[in-house]
Each structure stands twice: as C-alpha cells, then as structure tokens.
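Understanding the architecture of this molecule
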Amino acid sequence: MPQKTKKDPRDTPAMRQHTRFKEQHPDCLLLFRMGDFYELFFEDAEIAHRVLGVTLTQRTAGVPMAGVPYHAVESYLRRLIQAGYRVAIADQVEDPSQAKGVVDRDVTRVVTPGTLTDEHLLDAGATNTLAAAAFVADNEVALAWAELSAGTLRTATLSPAAARDELARIRPAELLYCQTADGEPPQRVTGLLAGQPATLSPVASRVFRLDESRRILREHYRVGHLEGFGYADDAPDLAAAAAIVAYLRQTQRTTDDLPADGDAQPDDRALRHLRPPHRFEPAGHLVLDHTTLRALEVETTLRSNTAEGSLLEMMQSCTTAMGKRRLREWLCYPLADRAGIEQRQAVVALLLADTRLGRDIAEALDKLHDVPRIAARLGLGRATPRDLAALQRSTAVAAELAAATSSAPALAHLHQTLDAAAGPLTQLADTLAAAVVESPPAHLRDGGLIRDGHDKLLDEQRSLQRDSQQHLAAYQQKLAEQASVPSLKVGYNKVFGYYIELSAVQADKLDMEQDHFQGWARKQTLKNAERFITPELKDFESRVLGARERAVAREQELFAELCAAAAKQTDHLQALADAAADLDVLLCFADRARRRDYARPTLTDVPGLHAVAARHPVLDDRLADRLVPNDIALGPAARQAIGNDEPTASLALITGPNMAGKSTYIRTAALITLLAHTGSYVPAAEATVGLTDRVFTRVGAADELHTGQSTFMVEMTETARICHHASDRSLVILDEVGRGTSTLDGLALAWAIVEHLADRGCPTLFATHYHELTALADRHVAVGNLHVAVREWQGEIVFLHRVQPGSTDRSYGVHVARLAGVPQSVIARADSLLAELAVSHDASALTPEIATDASPPRPPALAANDLPLFDRAPEHPAIQQLRAINLDRLSPLEAFDLIRQIKRQIEKSID
Ligand code: ADP
Ligand code: MG
C-alpha cells in the first residue's frame, strides 16, 4: 500500500495503529498484518531477524521491517515463544476491499509462553504452566500457578525456600511478578526460579493489593465472597491467583471484546473453563525439593539435562495426552497419605489380574483426544472445526469408559465420575455426530463442517449452489413450454446476471398479455435477441449468488451454537479427562509392573524401607538381566518386614570402590520410595515402604562438578537444610557428601553429619569414600555398614555390584586408575606409595585414606622411586610425656602438676 512520504515515517495511518498497539502491549513483539504478511517494525524487526532469520529490510528510511508470511505464522510463533518472547498479533478486522482509507486493525491474540492453548504451539505430553509469585513478607511468598490448557489454578503461601522447591516442580514457562518502578523483576523473585528458564512478565502492582485482588476473583468467578473456595478473605495467595486471572483476561482477548472472526464464537463467560483457585497442601504430597528431583533424574538426567534416560521417560507408556501429563504430575507429586496410595495400588492390582478389563479400558482410551485442551479452547472461543470432530469421538467414549469401570469396587470412585459425565456427554456426542462431518477442514473459511441434511437453511444454500444448473434447466423447460417457444433460453452473464433470452422474431410474436407472462420485464435488447427477467429468476439470482456466502455464514452460526453447547459441558469434559488421565496412568503402572516384574509395596506407618532384590528402575529397563539386584533394609520398617527382633540400622554407610554401584544403590532406595508413594508397583521382588514425608538427596559437590553449577558452599547449604528439616519420616540420600573440600575437612564434616542424622533417627543412606566413617557403626546403634563387593582377579578388580553387610578396607582407587589407562609406571608408583602410607598411618579414626579417587596422591616429579614421601614428623615431647603416664598410679595432685608442666612445655615450643 503506497504511503505518502512524510517527515516522520511513523506518522502514517497504519503506523499510527502500530504505535497504538505497541503502547497497549509494550512487552510484546507486535506482528502487524499487512497484505499477505505479518510485519514487525523497529526493534521487533531486529529481534525477528535475529531469532527467526528473516530478512531485515526498511519500510521507509529509518523504519526497519521484517515480515513472515501469514500462512506460515504458526511455525514462526512457535519459535518466538520458545525463545521466550511474548507476541501480540494485530489482524485486519475489516475486509480490505470494503475499507475506506486505512484498514481497521486490532490485536486479536496475545501469545505468551505460559498461556498457550493452540494445539500446534503445545507439546501434547508436557504441561504448560503460568505461575505468579509475590513476596508478602520477607519470609513468605504467595504463589499461584495455572495450566490454562487444563483449566487448573492452584495457590500456596510458602517460605521462600519451599516456594523455590515448588517452582522446581511446577516448571513454569512464564512467571508473573508485581511490576516494579524500574520495570525490572525483583531479584528475590527471580531467585525463586533458581536458574530455571521462564519468561518473566510484569503485572500491575494494584492487582496484588488485597481489595483489588479480591474484586478481580469475585468478578471473574461471579461469587460474592471467596470463602466458598476454601480461602479466608485475607489469604495472601489470593493476590497471586488474581494476578493470574487478570493476566489471562488481558492476554486471552476472548470474544467478549474481540470482533467476530471466522473461528471465534461468543460464549457467556470468557475463560469459563478456568476452575476456581484450589489451595495446594504441601503436606498432602511427598516433598521432593529441586535438588532431589534433579539428583533422582525424575524428569531430566543430570548429565545431559534432557528427558532421555529419566524416570519419567522410562515409565511413560500412556496413550492419551492427558495421561502423559498426569504421569509427570504423579511422579513429581507422589502422595503422602496411605489411603490414597492404596486406592491406586488396588486399581493396578485389578488391572494386572484382569487383563481383559485393561484391554477394554485401553481401547476406549485410544479413542480419546486431548479433551482438556479442547475444553480450554472452547472456553477461550478458539475452538476449531477439527476440535468439534475430535470432541464428538471423545465424548462418545465416556459411556464406554463408564461401562468398563462399572463392576470393580476398586474403580468405584472413577466409575462414579465417569457415570455422572457419561449421560450429558453422550448427548453431546449425538448432537455433534448429527451435525458435524467426520473429518472437517482446519478452519471454517470455506465451510465444510456441517453435514448435509442437518440444517434446512444450510441445505438450501448448498443445493442452490450445487443444483443451480439443474434448477435452471428445469426452469427453462417450464418457461419454454408455457411460452410454446422451444428455443427459449435461460442464461447468465457476469454483468447483467440471469436472463431469459428469446430471438427478436419470437419476442415479437409473444402475447405478453397472457397470464404466464405476468411479471416479465424487458432487461436488454440485443441485435437479434431480447432478454427478459422475471421476479422468480431475480429471486433465484440473488439466492444463488449469495448462496456461497450465506452457506458459510450459516455454518459459522451453527458452529458457534455447537461450540456453545459443548462449552456448557465443560465440567463434564474436565471430569472425563481427569478420570481418563488417572486410568491411563494406572494402566501404565500395571503395564510396567507386568513387563518388568514389579512388586506391590506394602506401606507401613513406621519409618524406613525394606526391599528384596531391589533394582534401579531406569537401569533395570536398560540392563535387564545384567543388572544385579540388591536388598535394602533400613530402620523399623525393615525390622517389621523381616520380623526380626534385632534393631535394623536407620543409617547405612555404603563404602566400596569407585564405579562399584554405590550411587546406584542409594538412588534405588530413593526411587523405590518415590514410586511406592505414587501408587505404582516397584522394581523389587518384595518391598515394605515406610510412609515418608520427604526425600532429601544431596550429591557431593565433586560428583556434580560436570554440571558446572555446584560448589561446596551449595553442598553445605543444602546439607544444612537436611540437618534442619529431615525428620524420622524423611528418607535421606547422601552421595559422597564432604568430598568438595579438603580430605580432612570433608571427613570431619561427614562424620558430624552422620552422627546428627543418626541421632535424629532419619532413615539415611550415605555412600562415601571415607572408610574412616565405618568406625561409627561400632559407636552408634543406629549406624550400620554396607559395602559393595568387588573381586580381585589377576591384579584386576571385577565389579560385582553386590551390596553386602560390613565395610571394605580399601578404596581400590589405584585399581580404577589402572582400568582407566593411567600409565603403568604411575600405577606402580602409586601402589608403592599406598603401601607406605598404610604403614605410616595407623588406624586413628580420623586419619584420611589418601589413595581415594577424589584426591589421588601426586607422585613428586623426578622422585627416586623408593624415597619415602613423608618423613614421619617427630612427636612433640609433651605427647611423649603423656604417653608415658600410668594413670592408675597418678594421684590428683600429681596429675595437676603434670598438666602444669605440659602446658609450660607447649607454651615454650610455641614461642
Ligand atoms: P559408584 O557410585 O560406586 O561410583 P555407580 O553407582 O555410579 O558407582 O555405578 C557405576 C556403574 O556401574 C553404573 O553406571 C552402572 O552401569 C553399573 N552398576 C551399578 N550398579 C549396578 C548393578 N546393581 N548391577 C549392574 N550394574 C551396575
Ligand atoms: Mg557414586
């Protein structure tokens, strides 16, 4: 569109629109529709150029511009969102051909990383969460998080540390914060993300004010007060919930304030699928902090930080999208209550016993589409024709699932939900089936959604289009007979429209007074012919010419009606999705239990863990028969399981050479505990699991160095947290803690930590290379020793990966170095040094073993092979004197005298 060049390139009507939209959405990239492109201007253009690689041009001098073709906009959008940008889309909201002056435009969509609902912008198996966090006091954070595409909204008021842990589980794509004066997110809020990549978006600070946040929520949910949702009126977390609702209403410009476009339809309430806020109770779930989730590789592995090789990926066999997301939820939020866990177990047991039932349910699930996300799009007035077809197939499944779950008591709770939803949903399925074709087009621009025979008006329009030729032929015949002129023709011409044509001669002969010529009007006179029009033909003309548009318009009307009818069933749709997701995960559990021979764990109220032939679930999947199973016995739960009178250590120290399988063993214990709390069976021959409130996992800084994140300070901060918060119901997993500092320091710390945890009775597994710690087993009843067996064979070591009672006396570091290919001369030297050190350091409990893999002795350069490395330091005379004392013969006075002497000697030697 040519623009007159003016002094200020922004001062054209289109650019003024652009400026206005940019002011309304300052934090968004603006995609501005012009012709067949969405254009970006100024800094936006530069960002698009950088992120999307599209060409940077100039609209006029000084106005950088970059564009993406409109038909491919979704794929570009996806990339911008993945890069963390928010995008506002300004569309033409009037037909350009009808526009007087500049085409009217408006922002029709704001797409942000945390508010995605479009199918092609979302990963089916992953959740997409929007969170809001605000400090209400120095040590109190109001947190809310919503999954727009599922319609859930949860809140909690937590300590900053707990909020950080929760955010690690939530993994928000976008985090809302209370707008600050300088526009930057406050550091303590970003700190809550602990390095997670989330887009930070500001929300006006007034939204967080008590009165305003209440008003927003009351208005949105159309309630008089919020107590009905279980909140006190001054609950701080409601501010965060209000921020989410306000942000959603602002970004999800729903049909309330949106000009009708082909795919949108009005609904009585925007965002109706967003359920009321629900308070998250941390105590209802096994607490897994962010370190533990990482160390146990629940969602991603430590090494590659990808899903591959994670617990979630290994377990995943759900068939529905909502099931896949539910499995993630269950693994990250295991239950803490026995009844809930056992209810799930009972279903798994049933599905294992009754394979026919499992098959029936699986078959039904197979037909389900992503119902909650369709419900979300309905709630946002953004459903597509294909969504309706998918909904038709999915809602028909409700009755099937209700029937499949009807007979077993273990499924009663799910059956109840499904049964209540089945009636209305079957009705909806019938309504849709009667109206909608099986595979409709992606959008409604050309119609094609509604079946023939469903709607009289639409059928007429369609048959007018389709049958116009026959209609005309019939009409022509009728006229020809009436006029007794066989050569009478009915024709069409673009300029004049429909006409009846007679030759000039015949026209002359006509007796226009006759009845059947009433209404005939002369339209056009040609050289040899005369053209007429009749009211009937005129009417036909306007009907045929408008038929196409009217057919499409009628389809849009019907589509809107169907969407509204479907949206009315939002609650039932969500109920169906919820129950189906549960069933899908329970089938997944049963499937895994069957394929890898898992056992149903017995839950007990006493702390600890007992497992026979336990296997690490991921290694079990990968190594199968090559994995060596091990037994685990920890705390009173083990004693109960064994039926033994002997107390079982609640803290086990695991020693053994590097690569023996220590880390694997202790993680096996943690993962079995975690899985047991999800209701899943566990990879063991038998298991008894004490109900646990938290799993703590700390991996020594040195072991985590490859991630480049961990320092000894972090290690100790987290260890401090464990020491403070671990109860006798927590499972503590410590892997080489203390390794991040000097050997003596580390050993002393490890020693003290073990004593502390043993005193508290926390079920603990501590893998350590400090053999000196094993002496603790003799001093503390709660401490026991385990070691991972290796066999020496022809000077090499063979890893047996078998965990056995008792301790080892060697760390085999030198052997491992040999296996790793350290030169033979170095190995030989290290061996001789080791022998020497073993002699010079006799077993005082706190003497470090030097030949650990963490701190291998460095042979001095050019050292003659047999020179001793350390001269034995001469003993201080005071020590020699003390050694010589015979306590049995010493009187108190003599003792005092001796102390005075020794003190004097020491003071002398210090000077
Ligand atoms: P450590 O912590 O003692 O150094 P890891 O637990 O990291 O040893 O185990 C090292 C490797 O040994 C693992 O990657 C795995 O391949 C193998 N491994 C560990 N435990 C077993 C087992 N029980 N059966 C078979 N292989 C195992
Ligand atoms: Mg290890």
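Being a predicted model, the structure only gives us computed values, none of them experimental.

**Focus on the overall build of the chain**
- Helix and strand content of the chain: 29 helices and 27 strands.
- In the chain, which comprises 911 residues, the proportion classed as buried is 49%.
- Element-wise, carbon and sulfur atoms account for 51% of the exposed surface of the chain, whose accessible area totals about 42300 Å².

**Thoughts on the packing of helix α10 (residues 321-332) against helix α19 (residues 570-596)**
- Where α10 contacts α19, the two axes come as close as 8 Å, and the packing angle between them is 70°. The orientation of α10 with respect to α19, classified from their angle, is roughly perpendicular. Crossing hand, α10 versus α19: right-handed. Here Met322, Gly323, Arg326, Leu327 and Trp330 of α10 lie close against α19, whose contacting residues are Ala577, Asp578, Ala580, Ala581, Asp582, Asp584, Val585, Leu586, Cys588 and Phe589.
- Its residues assigned to classes, the contact of α10 with α19 shows 10 nonpolar, 1 polar and 4 charged.

**Looking at the packing of aromatic side chains**
- A full pass over the atoms with the stated rule returns 10 aromatic pairs.
- Judged by centre distance (5.6 Å) and plane angle (70°), the ring pair of tryptophan 145 and phenylalanine 280 falls under edge-to-face. Taken together, the residues tryptophan 145 in strand β8 (residues 140-147) and phenylalanine 280 in the loop between β12 (278-279) and β13 (287-288) connect sequence positions 135 residues apart. The pair formed by tryptophan 145 and phenylalanine 280 is uniform in burial state, with each residue classed as buried.
- Ring geometry for tyrosine 498 and phenylalanine 540: centres 5.3 Å apart, planes at 75°, overall edge-to-face. In this pair, tyrosine 498 sits in strand β15 (residues 497-503) while phenylalanine 540 sits in helix α18 (residues 535-567), placing the two residues 42 residues apart along the sequence. Like phenylalanine 540, tyrosine 498 is buried.
- Aromatic rings pair up to connect Phe21, Phe32 and Phe41 into one cluster.
- Here the basic side chain of arginine 33 rests over the ring of tyrosine 70, its NZ or CZ set 4.2 Å away from the ring centre.
- It is arginine 531 that lies over the ring of tyrosine 499; its NZ or CZ is 3.9 Å from the centre.

**Quick look at the pairing of strand β17 (residues 529-533)**
- Where burial is concerned, most of β17 is hidden: 5 out of the 5 residues are buried.
- Burial along β17 is two-sided: Ala529, Arg531 and Ile533 and Glu530 and Phe532, pointing in opposite directions, are all buried.
- Across 4 bridges, the pairing between β15 and β17 is antiparallel. Paired with isoleucine 500 across the strands is phenylalanine 532, a residue of β17.
- Strand direction decides the pairing type here: strand β16 (residues 521-525) and β17, joined by 4 bridges, are antiparallel. Paired with arginine 522 across the bridge in β17 is phenylalanine 532.
- Taking the residues that link successive antiparallel strands as the turn, the β16-β17 hairpin has 3 residues.

**Remarks on the pairing of strand β26 (residues 783-793)**
- Taking burial as the measure, the 11 residues of β26 include 8 buried ones, the bulk of the element.
- As paired elements, strand β21 (residues 651-655) and β26 share 5 bridges and run parallel to each other. Counted as the bridge partner of leucine 653 is asparagine 785 from β26.

**Concerning the environment of threonine 405**
- Relative to the assigned elements, threonine 405 resides in the loop between α14 (385-404) and α15 (412-435).
- Since its relative accessible area comes to 0%, threonine 405 is described here as buried.
- The residues contacting threonine 405, other than those within four sequence positions of it, are Ile361, Leu411, His415, Leu418 and Leu583.
- From its side chain, threonine 405 meets the backbone oxygen of alanine 402 in a polar contact 3.1 Å long.
- At 3.3 Å, the side chain of threonine 405 forms a polar contact with the side chain of histidine 415.

**Overview of the site of ligand 1**
- Around ligand 1, 13 residues are found, and the nearest of them are Val628, Met659, Lys662, Ser663 and Thr664.
- The separation between an oxygen atom of ligand 1 and a polar side-chain atom of asparagine 658 is 3.2 Å.
- Glycine 661 places a polar main-chain atom, nitrogen or oxygen, 3.0 Å from an oxygen atom of ligand 1.
- Relative to its free-state accessible area of 550 Å², ligand 1 is covered by the protein chains to the extent of 78%.
- Per-element tally for the shell around ligand 1: the top contributor is helix α22 (residues 662-678), with 3 residues.

**Looking at the nonpolar core**
- Ranked by internal contacts, the top residues of the largest apolar core, which has 128 residues, are Ile361 and Leu401.
- Beyond its immediate chain neighbours, meaning those up to four positions away, leucine 401 contacts Ile361, Ala364, Leu365, Leu368, Leu418, Leu576, Ala580 and Leu583.
- If you look at the next biggest cluster of nonpolar residues, it comprises 32 residues, including Ala142, Ala146, Leu148 and Leu176.

**Topic: the environment of isoleucine 672**
- Structurally, the position occupied by isoleucine 672 is in helix α22.
- Expressed as a C-alpha distance, the spacing of isoleucine 672 and valine 682, which sit 10 residues apart in the sequence, is 5.8 Å.
- Residue contacts for isoleucine 672: discarding those within four places in its chain leaves Leu609, Ala611, Ala614, Arg615, Val682, Pro683, Ala684 and Val689.

**Considerations on the sheet that holds strand β7 (residues 130-137)**
- Here 6 strands make up an open sheet; going across it, the order is β11-β10-β7-β8-β9-β12 and the pairing mixed. Edge positions in the sheet fall to β11 (199-203) and β12, since each of these pairs with one other strand and no more.
- Inspection of the sheet shows β7 paired to β8 by 7 bridges, in the antiparallel sense. Note on β8: the bridge partner recorded for phenylalanine 135 is valine 141.

**Details of the pattern of salt bridges**
- Applying the stated rule across the entire model yields 43 salt bridges.
- A salt bridge links arginine 377 to glutamate 119, with the shortest nitrogen-to-oxygen separation between them at 3.7 Å. Pair noted here: arginine 377 is in helix α13 (residues 371-379) and glutamate 119 is in the loop between β6 (105-111) and β7, with a separation of 258 residues, a long-range link.
- Classification of arginine 377 by relative accessible area gives buried; the value is 4%.
- Accessibility expressed as a relative area gives 53% for glutamate 119, which makes it exposed.
- Among the ionic pairs, glutamate 557 bridges to arginine 554, the shortest N-O distance being 2.6 Å. Here glutamate 557 and its partner arginine 554 are both found in helix α18, 3 residues apart, which amounts to about one turn of the helix.
- Look at glutamate 557 and you get partly exposed, because its relative accessible area is 44%.

**Brief notes about the environment of aspartate 430**
- Turning to its location among the elements, aspartate 430 is positioned in helix α15.
- For aspartate 430, a relative accessible area of 49% corresponds to the partly exposed category.
- In this structure the C-alpha to C-alpha distance between aspartate 430 and arginine 393, which are 37 residues apart in sequence, comes to 9.8 Å.

**As for unusual backbone geometry**
- Even without a glycine there, the phi angle at serine 484 is positive, about 50°.
- Among the secondary structure elements, serine 484 is positioned in the loop between α16 (456-483) and β14 (489-493).
- With a phi close to 75°, methionine 659 is a non-glycine residue in the positive phi region.
- Mapping methionine 659 onto the fold places it in the loop between β21 and α22.

**Remarks on helix α21 (residues 635-642)**
- Regarding α21, the residues found buried are Gly635, Ala637 and Ala638. For α21, the angular spread of the buried residues around the axis is 125°, confining them to a single face.
- The first or second residue beyond α21 is glycine 643, which carries a positive phi of 75°.

**Remarks on the state of the cysteines**
- Evaluated as defined, the whole model comprises 0 disulfides.
- Here cysteine 762 stays free of any disulfide, with the sulfur of cysteine 723 as its closest cysteine sulfur at 8.5 Å.

**Side note on the sheet that holds β15**
- Spatial strand order, β14-β15-β17-β16: 4 strands in an open sheet with antiparallel pairing. Each end of this open sheet is capped by a strand with a single partner; those strands are β14 and β16. Each adjacent strand pair in this sheet contributes to an overall mean axis angle of 40°, direction not counted.
- Lying over the sheet, α18 contacts β14, β15, β16 and β17, oriented at roughly 140° with respect to β15.

Calculation notes
- Residues numbered from 1 in each chain as written.
- Chains lettered and ligands numbered in written order.
- Predicted model: local features only at pLDDT ≥ 70, side-chain atom pairs only at ≥ 80, totals over all residues.
- Heavy atoms only, no water.
- Helix = DSSP H or I, 4+ residues; strand = E, 2+ residues; numbered from the N terminus.
- Buried < 20%, exposed > 50% of the residue type's maximum accessible area, 1.4 Å probe, protein only.
- Areas by Shrake-Rupley, 256 points an atom, 1.4 Å probe, with all protein chains shown as cover.
- Axes fitted to C-alpha atoms, helices over the stretch in contact; angles between N-to-C directions.
- Parallel < 35°, antiparallel > 145°, perpendicular 65-115°, else oblique.
- Left-handed = near helix turned anticlockwise from the far one by under 90°.
- Contact = heavy atoms within 4.5 Å.
- Nonpolar A, V, L, I, M, F, W, Y, C, P; charged D, E, K, R; others polar.
- Phe/Tyr/Trp six-rings, centres within 6.5 Å; stacked < 30°, edge-to-face > 60°.
- Lys NZ or Arg CZ within 6 Å of the ring centre and 35° of its normal.
- Pairing = 2+ DSSP bridges.
- Polar contact = N/O pair within 3.5 Å; in protein donor to acceptor, adjacent residues only side chain to side chain.
- Near = heavy atom within 4 Å.
- Core = buried A, V, L, I, M, F, W, Y, C linked by side-chain atoms within 4.5 Å.
- Salt bridge = Lys/Arg side-chain N within 4 Å of Asp/Glu carboxyl O.
- Arc of directions from axis to C-beta.
- Disulfide = S-S within 2.5 Å.

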